[in-house]
Structures are given as C-alpha cells and as structure tokens.
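The residues making up each chain are set out below.
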4 protein chains.
Amino acid sequence: MALPAPLHGVVPPLCTPLDPHGEVDTASLTRLVHHLLDGGVHGLFALGSTGEVAYLTDDQRAQVLDTVVRAAGGRVPVLAGVIDTTTPRVLAHATAAARLGADALVATAPFYTRTHPREIAAHFRRVRAAAGLPLFAYDIPVAVHTKLPAALVRELAEDGTLAGLKDSSGDEGGLRRLLVALGGRTGRRTGPAPGFSVLTGSELTVDAALLAGVDGVVPGLGNVDPAGYVRLHDAARAGDWAAAAAEQERLAALFAMVDVGPEAEMGRSSSALGAFKAALALRGVIAHGTTAVPQLPLDEAAVAEVGRMLDAAGLLPER
Amino acid sequence: MALPAPLHGVVPPLCTPLDPHGEVDTASLTRLVHHLLDGGVHGLFALGSTGEVAYLTDDQRAQVLDTVVRAAGGRVPVLAGVIDTTTPRVLAHATAAARLGADALVATAPFYTRTHPREIAAHFRRVRAAAGLPLFAYDIPVAVHTKLPAALVRELAEDGTLAGLKDSSGDEGGLRRLLVALGGRTGRRTGPAPGFSVLTGSELTVDAALLAGVDGVVPGLGNVDPAGYVRLHDAARAGDWAAAAAEQERLAALFAMVDVGPEAEMGRSSSALGAFKAALALRGVIAHGTTAVPQLPLDEAAVAEVGRMLDAAGLLPER
Amino acid sequence: MALPAPLHGVVPPLCTPLDPHGEVDTASLTRLVHHLLDGGVHGLFALGSTGEVAYLTDDQRAQVLDTVVRAAGGRVPVLAGVIDTTTPRVLAHATAAARLGADALVATAPFYTRTHPREIAAHFRRVRAAAGLPLFAYDIPVAVHTKLPAALVRELAEDGTLAGLKDSSGDEGGLRRLLVALGGRTGRRTGPAPGFSVLTGSELTVDAALLAGVDGVVPGLGNVDPAGYVRLHDAARAGDWAAAAAEQERLAALFAMVDVGPEAEMGRSSSALGAFKAALALRGVIAHGTTAVPQLPLDEAAVAEVGRMLDAAGLLPER
Amino acid sequence: MALPAPLHGVVPPLCTPLDPHGEVDTASLTRLVHHLLDGGVHGLFALGSTGEVAYLTDDQRAQVLDTVVRAAGGRVPVLAGVIDTTTPRVLAHATAAARLGADALVATAPFYTRTHPREIAAHFRRVRAAAGLPLFAYDIPVAVHTKLPAALVRELAEDGTLAGLKDSSGDEGGLRRLLVALGGRTGRRTGPAPGFSVLTGSELTVDAALLAGVDGVVPGLGNVDPAGYVRLHDAARAGDWAAAAAEQERLAALFAMVDVGPEAEMGRSSSALGAFKAALALRGVIAHGTTAVPQLPLDEAAVAEVGRMLDAAGLLPER
C-alpha cells in the first residue's frame, strides 16, 4: 500500500513471539497483529529492536515479516527493520523486505565499525536508491552508539532520501530543535521537507512529543496496551492536553514493568522485552513469554509482578 | 526569605558578567538581576554552570553571591550553587553561601572521583545537615559524568534531605517516571514528598516539562529573554498548551545562538556562554561579553550572528 | 588441522581485498595469504574487524573463508570470525565456518542489544557447544561497547568454554592482571587454564605484551609487514628485549599510516583500513585498495603519504 | 631544588593520611615521606588523585604540601598537584604551591565544563606563565573525561610549556606513539623536546612502559611497596627485563587489593584508596586507614584481606 506522507499516528514496534524452542510462533504473531489493529493503531513496525531483530536469523526475519504483512492485510502500512552493521548487509535485508511486501524500511546508522557523518549519509543514500521503498532513519544511540547529527537528518529529509525519522535517542531537546528547523508545529507541511515524518520511539514522553509536533509514536509498550496509546494520541490530536497527559501518566506507571528483572542478574533489554512478552502472554495475546537466547528469562516472581501491574491498569480479563 | 515549598516558576541560572580583565563586573551583574526581575522571574540561581561557577575563584564566587543577594533585595529567593568535587570542598562553599544570605543551596554529586550511589547519598546528607539551608540536587551528567539514580532522588526527597531537584540530565523519560512516582500531575502535593520541587534545566522542553508536572524551570537562555520564559510558564499554568508550545518554539529558534561558535575551533560551553553574554551585551544589560579563561571568545562574525537572531526575535531596541 | 594449545605466535587478521565493484577479489586474497605465510606467520585470522567482516554479506564471508582455507593449505591454522549481534545469528555463521574448514572460531559479546555478564557467558557457552570448534573470545569494546569482565574470561577459560582470548580492548593493565591470575609468565602452563591462549590485538604494544606473557599477537598492521612482526616476536622469544623494542618502534612509526585520512572527513575505520589496503596494493600484494561501502576512499594525497611511509620503512621494491 | 630534566625514576603519588575526624595527620604524613625515601624513590608527588586532592579543602592542601616539602628536606623533588576545574582556580592553587616550596606543578585539563583542545592549550600556557614553576600535564580521562590529544602534548612539549606528562590514561598504545614521535628509546634526548619527561601512572605496566622508554613511573601502589617499584625500575634500567617483569608480576598480584571493597556497595576510588591506606596502617607507616568523606570505609573483612595480601607479599613485619 502507499505510505501516507507523512506517516502518522501510533505505529508499535511489534514483539516477536517465540515458542519454547526459540522458533517464531507465527500463530501468536498473527494474534498480536490483530490485537494491535483492534487497538486502533495506524501502522506496524516489524523487526525493530523491540522485535528482537538482533536475535533473529535471516530466515526468522523473513518469517516474521511475511506473517505480519499477511495478517495486516493492507489495512495499515507495514514498516520493516533492516538492521545490520553496514550497507552491504542492510541491502540484503532490504531486498528481502521488499520482496515480502514491506511498505517502508527502517535502517540505523552503521554500527560495530567506527563511522562518520559523511559515511552515514552515503549509507542512507545507497539503501534508499537500491531498495525502491520509502526509508526511515532509526536514531538509536543506545544500540548503535552514534547519534544522528541533526544537520544530517535535515539534509537527507530535504533531498528526499528519507521519508522519516524514528527518534529513539532520548534527546527531546534535539528533537525539538529539529522540528522547529523543519517548520515547527504550524509550518511543517509547507517547510523544507513537507512530507517528512517525525516519530518518537519513547514510551514516556508521547504527550510532550505530540505537543512539540511529531507526526507519530512508536512505543514498545504499545504492544501491551495499544488502545492506551491510541487514546493518548487522539486526545492530543483533539487538543485535550490534560487528557493526553493523564493517559501518559497511566502508561508511564505501566512502563515500570521494564524493571521487574533484577539489574544485578540480567540485562536491561532482557528485562524490558521479557516484561512486554510476559504481559502479552498474561493478556492471552501470545502463547509464550519466551525471549531469544542468550537473554535470561524473567523468574516467576517477576512475571507475577507484571501481572499485578496489568491488573492495576485494568488490562487483565476478569477471571 | 523563606523558600516556597515547592519552589516554582522561572528561576534563571544567572550569567556572571566579567570585565575585560576577567574580574566580576558587579554593576553589570546588578543590572542583570534587575533585568530578570523586570521580566517577572520567580527566583534566581547564582553560581550555576551557566554562571561559569567552574571558572570563578572563591573570592569571585563570594562577590557574585553578595551582589545578587543585595540586588534581589528579598523580592525572590536566591539559590546558590556550591559546586565542587566532594563533600569537604562543597561544605566550605556552603558555609560561605549561608553567610552571604543565600536562601537555598544547589549541589551536584561528587565529581573528578569515581563515586557510588551510597556515597552520593552520604554526600547530600552531610551537606544538608551542615549547611542549615534547603538543598537542591543538581543532576548534570554532562558535567559530573554521573546520572543521579531515580531511586536515590526519591529516597532523599522522601526523607527530607532534598528540597528539590534541578534536572539538567536531558533524560525527559526518566524525569517523567520520577514525577509519576512522586504522585503525578494531580497527586504530587499529597504524595510521598509533598513539598519537593522538581525543576527542569532544559531550555527546549519547558512546555513539555510543565505538561508533565514540573514545578519550575531553570533556563540558561532565560538570561537573554526572561519575559519569554515567563510567558511560556504562564500560558502553561493557564492550561493554554498551544500558546505555551508556540512560545517554546520561538525560544527554541532563539536557542540556536549557542552554536554560533564554530565547533572545530572552540568548546560547546564557550560557544553557548559566549552567545548568552554577547546577547546580554547587545541588549544593553551587561557591559562586556567576556567569558572566563581559558574559554575562547566568539569572533565578530559570531557576535553579529547573535545580533541577527535577537533582531529576528524582536529583542533588540529600535535604533 | 588441530589447533596448538595454546595457539601462539603472529596471527594477522587478514584484510579482505575487494575489486572496484565491492566484490571479493579472491586472487588478491590468495596472494595475501601467501604473502603472510612467506612472512613467517603462525596462523591466520579471517573475517575479523580488519577483514571488514561487518561489511561483508554472508555469501562474501563464505567466499573469503573458503579462499583463505584453501590458500593456507593446512600449513597454519585458520581462525574464522563469526561476528554478529547475538547467539542465533552467530551460530549461523559458526555452522558455515565449520563447514568451510575453519580450525577455530572467534566471537564477540552480543552487541546492538544491551547485554549482561551472565548473558555473555551463556552466549559463549552456546556457541562453543553448538559449533564443535575451539572458540576464542574477541574483546573489542570500541566495536561492541562492552568490556569482557576479567572474572568472566577466567571462568570461561577454566571451564574449557574458551580456547583463548583476543584482547583488542586496549586495557593493558587489565590484560596483565588476567595473565597473573592465570599463573603469570612462568606458571601459565600449569595454572588453572593451562592450554588457554592469550593474544593481544594491539599493533603498538606487542613487545610489552610478550614481556607480560601473552602467547601471541593479532596485528592489523601485520598484513602490511608480517616479517616485521615475526622478527619482533622472535626477538622477544629469544629474550632480546632491546631488539624487540626497537622493532616495535619501527612498526609504531609505520602504524602512523592509519591517520592519513583526514579526521574531519572520514571515519577512523575507513582511514586505517584504507591505509592498510593502499599499502598492500603499493607493495604489489593485492590489486586494488578498495574498501567496502559506505566507507569513503582515501584520496590520492593520502595514498601517496602511505607510499612515503612504506618507502621510509624499506617496504617498497626498488624501481 | 632544581628539577632534573627529564625528571625520572619512581615518583609515588602520596596518600594523604587523615585522622578519624578527617583532618590531615601530619605526623603520619611525615612518616610516609620517610618510608618512601627509605624505599629509594626519586621524587614525591603530593596532592594527586591518590592523595585524595579532590577531597581536601584549600587549607588541608596547604597543610599537606607544607608537610611533604619539610619532610623531603630537599633530598628529592616535590611535585604538587594543582587540581581544579579551570584556569583561574588552578592558578590560585599554583600560587599557594609555589609559596610552599613545590619544585613543580601537575595540572589536568579543565573539567566539569566541556572544553576544547585549543582551550586546553591556553589553559596550560597560562598556568605555566603565571606560576613560574615547571609544569606537568596530568592525563587522567577517568577523572576529567577528556583525553589529552597526542598532537597537543607534543606541541606543548616542544615549545617548552610542559616539563613532562603524567600519563594515567591507560592508553599504552597512544603512549608508545608519543614516545616514538619524541624520538624513541634512543633518540628522545636529541629529539624535538629533549628535556621532556614522560611518566606513566599505571601500576600494572611499569615494566612495559620502561621498555617503551618512559622516564619514570608514578604508582599509587608505590605508597605501600616503594622498594618493590624501585627494584623494578632498577632491573629495567640494568636491562634485566625478565627480572623487571617478575617484579611487576608480584606487584600486579599485590595490586588486587584495590578490589577488596565490594563493587555493589562502594565506589572504586574508595575501595582502592581504602586498601592503600589500610595497608599503610597495617605496615605501621600511618596511624589510621581513614579515607575522606563521603567515601565509605572498608569493612573489617576487607581490611583483613588486605592484611593477608601484604603477608603473602612478605610486607608485614614478623609478629
């Protein structure tokens, strides 16, 4: 399907349900897509960091994207992460994603290697040229250890290389400066990059980001409570900022689930992804809370704590 | 004067005007205080990072604080930075600040040395106990290279060690989680730390921070345009978030002055502080734009660029 | 071939020659292997960071390893890098490497994701168990942004998970502590991990590392001057430390070629790899100095500077 | 006394003994000086990081330096740390140090503020010009969060601003490149900065650094075992590198005392400094193992562990 320009709304980064052997659980993934569509989301982002893309083999990535595209059935656009170390490897993923029906691609700056802004620009330009699909830059320094320079994003937005930015940098001040440079709340559509979409990847500052003028949001916690993020988005679009902030507060409290895994014993990725998957399993959306190896699983006490948080948020069915 | 609990509103971190020899220009500093009070600010923060506290000798620090306290004349509270590497050195500054009439102190975690959360807690407790003044924690990882752990801030807020937090960490998501943990937008005053004041140090996300529930803002750019930040604050307090966001956009555009100094040739602190001081000189508030050694001065072209930005923002007098 | 335990000597991380289209130049790669064997090296490490492994597609990686194994012809062991983000993806590379005849594998800690020591341990244990080949841990924080904890390395050395460590961390003090903990210069072979091989990845401190007791060295610059590193190694083994230090000084001067690319215009990886490849082309070993996209190429002036450095080092043929 | 050019040999960074109230214990400090001179050291470095300079008030700093200068009695040169955030504050310390009889000063790059190489150069030039004493640059990124650029050190060495470098950066490869650029093992004295002294601050790679050509060493652990470092130095100077390495191994094992304090409960500075002081108290050199607030003290078990390490190293008197 044609991608809206700019892409906007709630576009969750889908978790990748796994069976106890670590294989992709396509039935659960299909249910997850339906759960998100039922929640009213405006797009789907498969194979992002929340989707454990860094843990999936190429075959598993294909299986995930194929499942999501089929389950989405053209109702909303599907963005596909093409996450790998450098251009040649990203291009291989991009080719596969185009073949499987993705509507747009999401790529990071090169990582593992020490890179340079001019090389990052060359990277995005080559991926855009070769793939034939709209391309989003994924700014996620916690993973790639480079912050995309604002001047670079603007250049690639204005020359049409990029269709948008998914900002998971946590640098809300820098995001604000970018939005202002692109025309601000009232001038974005007639500014230097009129169809360019700015999406925030933060779960915790969505109200603020919408107030600042972002087009949409890509919240990992949106897997668990898509309807909550859609309510937050709709309140903001309606100018009811107090309602948006109240919804954001509820979601910020729920987000505390990412810390149920003890910091001394497991990684922060494992704890957060384990919590999201445990919540999806407790809500009956997916069959297993399994995360990919070598991540350590949440223990029973942590899963029970996730359950209590869901219950407090009214997200568990009556029993 | 007694400090409001919580402290709230616009509390700019004052620049420290210097003469061409690097000595404190007390006449200019007095004019700066009047300029800020005329702008409607709710408090004054002397000897912060924006005040070049790291560049001032002990005698100069005393001169600055004495001047600000006298010029303020009790109309608004005066917070004094007591910035140094560890507890014994901070205590020496705290004693001086109390003697000179500060209404509250602002201290960072230990720096230069490698510290630990338990040692940071001991640090704040000792400073609070010895100084006899309300104490604000200053969370500024870009300077001290430690992020104050959220659990630590909560503990010290709840047990009364801290009167507040000045958050210059740039971690808006973490700030939101802290605010929610303290009771959120509607429950803060009846929460576990009812008089605790949360202030953001970011110039660029003030509308967002106020929407999230902070009590006040400590913007370096507020030296240049205090009335702008007061308008932003008042719009937010009135619930007019569109007006607040529009004012924030204007100030975000003005903030671009911090980059007038070429990155290849001078530090980011020098460029930002040089721009603020150049703007204050151009606006006629202070006599010289001099920054402390070994910072490099802005060149003429950069100062002219600051002038153009002020002019575009309507902040220069007609000539 | 059976891997010596411990693996020792000079084991260069091979550059991957590319043709102007970015495809693997297998004829040049074969010549590079012969060049290294002629220089007297004791092993070959294919698909490391110096081999641009992060830039090679899976097919290219297979092509490289196949070429190196054939060219080596069993004369020295071939180590294969299996560099990817996490366990499932590393396992796919490990299976391929085993099939293609690698004698040992080299894997990093997980990257892109935020990991944890317990997860890193699980990662190495799974790779070791699944691959059926001796496994070296590759400690390269500049790429993966995690430093392998010393206690973890010791645990995995002592329980047989790891056959060795390639230390590219630059933490020579930590390396010394590890060597001492494993028995020191005289007690390593009867210590808690008697066959464990410790290799340094630094080009610049090989004499020091050999004095401290490492078994071998993996120098990127060894592509350009393998005979120099073999002389350095042999002098150290003979106890002639003055000769070893003199040779190291000569190689340290030659290493300055990594900075021929201007820092303002290209990444440090591109400059270093570009210089090594330019040197190999100038020495007539490989056909082209091409580096993989999106790395920027050295300009003519930089290549000429590499030529002057080679000439000064007596590494160019008479003309 | 006139400083040798280059300064060379073992120059320990003195611990600062404190009484249980946190006041400087000058009697213990005098004994420490005698203990070091008896061990054969070639110079004394007061008020360094190991001396808890970041924890001492200005009065205490003066007390320390006065005590050390008197106790040294001109037998070896005394270097004084003038550690503070920026030039004006460093100059205040430099004036005091000159008055108290220091033979040379040791200063870091500016910290707390974000600085720039050109500003660091201006900083050292101003301190050198104003203080009238030989000046050493102290490269300690773990504390100041800036690595001194090699080109900057060379420039300031060659123009006479700096008398030497104390390298506590841990970047042994960079140190080697600097030494080679200054003329190498055989050409340093006739190179571009003939009297320039290069000292390593690492306890663990002293043999390697001497092999690479440094002039001297500034080991914190040298407080505890000065004679050991002097033996190591003498063996290296005699060209007996096997003996030097063996002595280094013994000292590396002893250095493990820095980890006796549990990482989960106290900072790494506190643990290391606590261990050095506990060892000095157990050896009968100083009266108390007290470290400055807010550092946490070692518990009894940790102190007992230090005792066992000393005993194993033959550093405790028979009882």
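Residues numbered from 1 in each chain as written. Chains lettered and ligands numbered in written order. Predicted model: local features only at pLDDT ≥ 70, side-chain atom pairs only at ≥ 80, totals over all residues. Heavy atoms only, no water.

The name recorded for chain A in an unreviewed UniProt entry is Dihydrodipicolinate synthase family protein, from Streptomyces benahoarensis. Per UniProt, the comment on chain A under Sequence similarities (unreviewed entry) is "Belongs to the DapA family." (UniProt positions renumbered as here; feature names shortened; annotations may be inferred.)

Chemist: So, the overall build of chain A: which residues are in play, and what are the values?
Modeler: For chain A, the helix and strand inventory stands at 13 helices and eight strands. Since a compact globule built from 319 residues should have a radius of gyration of about 20 Å, the 18 Å found for chain A is in line with a globular shape. With the principal axes as the frame, chain A shows a C-alpha extent of 55 × 45 × 40 Å. Within chain A, buried positions represent 64% of all 319 residues. Partitioning the contacts of chain A with sequence separation of at least 6, the portion at a separation of at least 24 is 71%. Of the accessible surface of chain A, which amounts to about 10400 Å², a share of 53% is contributed by carbon and sulfur atoms. Charge separation in chain A, taken as the distance between the mean sites of 27 positive and 34 negative side-chain charges, equals 7 Å. (Helix = DSSP H or I, 4+ residues; strand = E, 2+ residues; numbered from the N terminus. Rg over C-alpha atoms; globule rule 2.2 N^0.38 Å. Buried < 20%, exposed > 50% of the residue type's maximum accessible area, 1.4 Å probe, protein only. Contact = heavy atoms within 4.5 Å. Areas by Shrake-Rupley, 256 points an atom, 1.4 Å probe, with all protein chains shown as cover. Lys, Arg positive; Asp, Glu negative; His and termini not counted. Charge placed at Lys NZ, Arg CZ, Asp CG, Glu CD.)

Chemist: Please provide a residue-by-residue account of the UniProt feature "active site" (unreviewed entry) in chain A, values included.
Modeler: According to UniProt, the "active site" (unreviewed entry) feature falls on Tyr138 and Lys166 of chain A. Of the residues just listed, which span 29 residues, no C-alpha pair is farther apart than 4.8 Å, and they cluster in one region. Within the fold, tyrosine 138 of chain A resides in strand S5 (residues 135-139). Among the residues examined, tyrosine 138 of chain A registers a relative accessible area of 3% and is labelled buried. Residues in contact with tyrosine 138 of chain A, not counting those within four places in the same chain, are Phe45, Ser49, Ile83, Val106, Ala107, Thr108, Ala109, Leu148, Lys166 and Ser168 of chain A together with Tyr112 of chain C. One polar contact links tyrosine 138 of chain A to serine 49 of chain A, side chain to side chain, over a distance of 2.8 Å. With respect to the helices and strands, lysine 166 of chain A occurs in strand S6 (residues 164-167). (Polar contact = N/O pair within 3.5 Å; in protein donor to acceptor, adjacent residues only side chain to side chain.)

Chemist: Requested: an account of the relation of the copies chain A and chain C, with residues and values cited.
Modeler: Turning chain A through 180° and shifting it by 0.0 Å along the axis lays it on chain C, with an RMSD of 0.0 Å. Here the copies are linked by what is in effect a two-fold axis. A share of 100% of the interface residues of chain A reappears at the interface of chain C, consistent with the copies meeting face to face through the same patch. (Least-squares fit on C-alpha atoms with pLDDT ≥ 70 in both.)

Chemist: Can you explain empty space enclosed by the protein? Please cite residues and give values.
Modeler: Scanning the entire structure with this criterion turns up seven cavities of 30 Å³ or more. The computed volume of the largest cavity comes to approximately 160 Å³. Listed by contribution, the elements that provide at least two residues to the lining of the largest cavity are helix H7 (172-181) and helix H9 (206-212) of chain A together with helix H7 (172-181) and helix H9 (206-212) of chain B. Roughly 90 Å³ of volume is contained in the second largest cavity. Of all elements in the fold, only helix H7 (172-181) and helix H9 (206-212) of chain D reach the threshold of two or more residues within the lining of the second largest cavity. (1 Å grid on protein atoms, 1.4 Å probe; cavity = no way out; pocket = protein on both sides within 12 Å on 5 of 7 lines; lining within 4 Å. Points joined across faces, edges and corners; volume = space filled by probe spheres on them.)

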